[in-house]
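Tertiary structure, described
Below, each chain spelled out in residue letters.
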Amino acid sequence: MASILVVAASLPWVWAIGTFAAEPLPAHVGTRLLQSGSLVIEVGDPEAADCRWNKGLRFSPVANVLRAQLHGQEFLYSPVAGGALTYLGGLPMEFDIGQEAFQPDPPGYNEGANGDPFLKIGVGILRRNASAYSFSASYPVVELARTTAAWQKDRAHFVQTLAGDARGYSCHLEEDVIVKNDRLILNYLLRNTGTKPFTTEQYLHDFLSFSGRGVGPNVRLSFPYDFTTNPVVLPWQPSGRVRDIGMAAATVYTRIANSIEFMDKATGVPKIWVYRPQDYAGPELCAVDFADTQQRMTIETSIPAVYTGIWTTDYQVSPEQFLLISVAPGAEARWTRTYTFYVDGFVPQDVTGDNAVDANDLARLSSTWLRRPGDQTWEPAGDVSAAKDDRIDLQDLAALARQWRQAGGLASPIAHWKFDETAGAMAFDERGPYPAVLRNFPADGSQWVAGISGGALRFDGIDDAVEIGDLPTLAPGTPRALTAWIKLSEKPTANRAVLTWGEPAGSPSWRLEVDANRRLRFSCGAGYAVASRVVGDTEWHHVTVAIDPVVPGTSHTSDIRLYIDARPQTVYEMKEQDLTACLTESLQIGVPYDPAASQPFYGMIDDLRLYDTALCPAHVRRIHDAAIP
Ligand SMILES: [Ca+2]
Ligand SMILES: [Ca+2]
Ligand SMILES: [Ca+2]
């Protein structure tokens, strides 16, 4: 595999980072590019004479996606080199691989004798010549399906037809490939044009490779449910009660909550079958994160998968959602696969691609008002609302308004205390509604000191406390973040409370401390996560705790992201805990609810902000830099 990596690294991938606005060149022959805003998708053109990608008897030439690039960053492994039958790249689609005993063979295969035809959906009608179906066998062709494609700037429509049938089995396949700023949407229609019912199993290889990097530490696959696997993926079990996930482990991959995490370079990883709980009714989704490049991709299917098979090599990781589809004669099935791409600092609502939402985007939206795909002035990048409904209307205007002049997409905080007062027993929320009450501070106002940005508040380490009640209720398991500047007056010898976000009793609350090892420590209930970098050294440090659950509604300690001085932190210690029930209606700064658990804060706090969104690293950097000249 080393040679493949070398090839990948030396490819003339001229769609260089930062040049996303320019029209990039296809890297493969016989392909077309679909584009919306900063998202570029390369798709094989089945009617191009020189298209040699997936023209074999296994993967379909229908909507053969080879590359995906958002904002200059690559998401798929897809070498240019390789044979005409290569399957080592992009998102190739296959029906009925029949590899395992539990997977269906192509329709009709097991009914006939050698020499009889069978239906390989997506490819055509082939002739059986062996006793057991093998996806890699080269079967004689009875009829190759005819595939056509109609292309627009942001979408393509594929139609695949068969003239004949395989002893009563035949089908008609259509697929839309649609790009939408940060999303690739694949819509399928499969019609049974034969006389017999069939059940088929569709999957796509999802050859994920982030910016050409290999699969190893900091790659994580997450599911929205408490899955079971075959083979078993062992949970992280360090010696003692603390786990250290910052160190490369003896194990290549491990399980943490609803995630499979790679701890080391991926070698010798078996195919892992992932099963959802039978009573799970939420979205079918898999998210893949790569912390090194801050890229994430989610893959959602509109119908439940019977299982997700994770196929890993050192150069790609492929979570394959297998969909079982039964179609009666004359009937049709429809389903969708949606790929959503995330890049640090990327603003999906930005129509013009300059990373700002401003009057230029509004003008672009206005000029395509109420337009539809195919209209002369259709602007796919303007369809920014969550619905992605192929129409530019008020929903899109509202989505634009929410991001209006938010620098680089940075949301407004729900509360923001600057501590720039110079007197009094109140600290005012910059945005208005949540004034903070100072308790037990000196009457002479000496707690108002010079901070990192204007003034700051000094805590005496004995009983100084700031309280804010009636903060807005955040729905369980939704994203949130807090940021602050802190400066300790002395190096701690025990845990020092910074703040508690939540209720004093009942559900677990967020607790932020500097621990006895001088590290930033987030706790909630029995769970905790500790950042690697030291903050308890009596210098100013910017600290951020953010939670970014893959699926709204569930969150765990392992979803916590810690930043110090705007740098994403390796977790030094962690104990897992479900955080879904955390309430955040009140905030107490400087003292713990439980005096036995940690000591009051001794030092200065400045510029405390709460967000009802998970901040990405670029946004944390922006907040940090705003305070530093
Ligand atoms: Ca813009
Ligand atoms: Ca719309
Ligand atoms: Ca300040």
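The structure presented is a predicted model; accordingly, all values stated were derived computationally and were not measured.

**A few points about the coordination of the calcium ion (ligand 1)**
Looking at the calcium ion (ligand 1), the protein donor atoms are Asp 350 (OD), Thr 352 (OG1), Asp 354 (OD), Ala 356 (O), Asp 361 (OD) and Asp 361 (OD), and they sit 2.2 to 2.5 Å from it. Angles of 52 to 171° at the metal separate the six donor atoms of the calcium ion (ligand 1), which places the site in the irregular class. Expressed as a motif, the donor residue spacing for the calcium ion (ligand 1) is D-x1-T-x1-D-x1-A-x4-D. Look at Asp 350 and you get buried, because its relative accessible area is 5%.

**Describing the pairing of strand E17 (residues 259-262)**
Because side chains alternate across E17, one face comprises the buried residues Ser 259 and Glu 261, and the other comprises Ile 260 and Phe 262, equally buried. In the sheet, strand E14 (residues 219-222) pairs with E17 via three bridges, with the strands oriented antiparallel. By the bridge assignment for E17, Arg 220 is matched with Glu 261. Where strand E16 (residues 253-256) and E17 come together, four bridges link them in antiparallel fashion. Counted as the bridge partner of Tyr 253 is Phe 262 from E17.

**Here's the deal with the packing of aromatic side chains**
Counted under the stated rule, the structure contains 28 aromatic pairs. For the ring pair Phe 118 and Tyr 139, a centre distance of 5.2 Å and an interplane angle of 85° mean the geometry is edge-to-face. Of this pair, Phe 118 sits in strand E6 (residues 117-120) while Tyr 139 is found in the loop between strand E7 (124-127) and strand E8 (141-144), placing the two residues 21 residues apart along the sequence. The buried category is assigned to Phe 118, whose relative accessible area is 1%. Tyr 139 sits in the buried class, given a relative accessible area of 3%. When the ring of Phe 210 is compared with that of Phe 290, the centres are 5.7 Å apart and the planes differ by 15°; the resulting orientation is stacked. With Phe 210 in the loop between strand E13 (198-204) and E14 and Phe 290 in strand E19 (residues 284-290), the pair connects residues that are 80 residues apart, well separated along the chain. When its relative accessible area of 4% is taken as the criterion, Phe 210 is described as buried. Taking relative accessible area as the criterion, Phe 290 reaches 3% and is therefore assigned buried. Members of the aromatic cluster, joined through ring pairs, are Phe 102, Tyr 203, Trp 273, Tyr 275, Tyr 307 and Phe 322.

**What about the coordination of the calcium ion (ligand 3)?**
Listed as protein donors to the calcium ion (ligand 3) are Lys 418 (O), Asp 420 (OD), Ser 453 (O), Gly 455 (O), Asp 606 (OD) and Asp 606 (OD); their distances from the metal cover 2.2 to 3.0 Å. Considering all six donor atoms around the calcium ion (ligand 3), angles at the metal cover 46 to 160° and the coordination shape is irregular.

**Focus on the nonpolar core**
Among the nonpolar cores identified, the biggest contains 70 residues, and Ile 41, Leu 184, Phe 262 and Phe 341 are the most heavily contacted of them. Among the elements that take part in this core, strand E23 (residues 332-343) stands out by supplying five residues, more than any other. Sequence-distant contacts of Ile 41, that is, excluding residues within four places in its chain, are made with Arg 32, Leu 33, Leu 34, Val 65, Arg 67, Ala 68, Val 179, Leu 184 and Phe 341. Counting residues in hydrophobic clusters, the runner-up holds 51 residues, among them Leu 482, Val 514, Leu 520 and Ile 560.

**As for the sheet that holds strand E4 (residues 73-74)**
Taken together, four strands build an open sheet; the order of strands is E1-E2-E3-E4 and the sheet is antiparallel. Looking at strand neighbours, the two that pair on one side only are strand E1 (31-36) and E4, the edges of this open sheet. Note: E1 against strand E2 (residues 39-44), six bridges, orientation antiparallel. Bridge assignment links Arg 32 to a residue of E2, and that residue is Val 43.

**So, the environment of Asp 470**
Within the secondary structure layout, Asp 470 lies in the loop between strand E29 (465-468) and strand E30 (480-488). Classification of Asp 470 by relative accessible area gives exposed; the value is 71%. Measuring from C-alpha to C-alpha, the distance between Asp 470 and Tyr 434 comes to 7.8 Å, with 36 residues separating the pair along the chain.

Rules of the game
Residues numbered from 1 in each chain as written. Chains lettered and ligands numbered in written order. Predicted model: local features only at pLDDT ≥ 70, side-chain atom pairs only at ≥ 80, totals over all residues. Heavy atoms only, no water. Donors = N, O, S within 2.8 Å, 3.2 Å for Na, K, Ca; no water. Tetrahedral: all angles 85-135°; square planar, octahedral: opposite > 155°, others 65-115°. Buried < 20%, exposed > 50% of the residue type's maximum accessible area, 1.4 Å probe, protein only. Helix = DSSP H or I, 4+ residues; strand = E, 2+ residues; numbered from the N terminus. Pairing = 2+ DSSP bridges. Phe/Tyr/Trp six-rings, centres within 6.5 Å; stacked < 30°, edge-to-face > 60°. Core = buried A, V, L, I, M, F, W, Y, C linked by side-chain atoms within 4.5 Å. Contact = heavy atoms within 4.5 Å.

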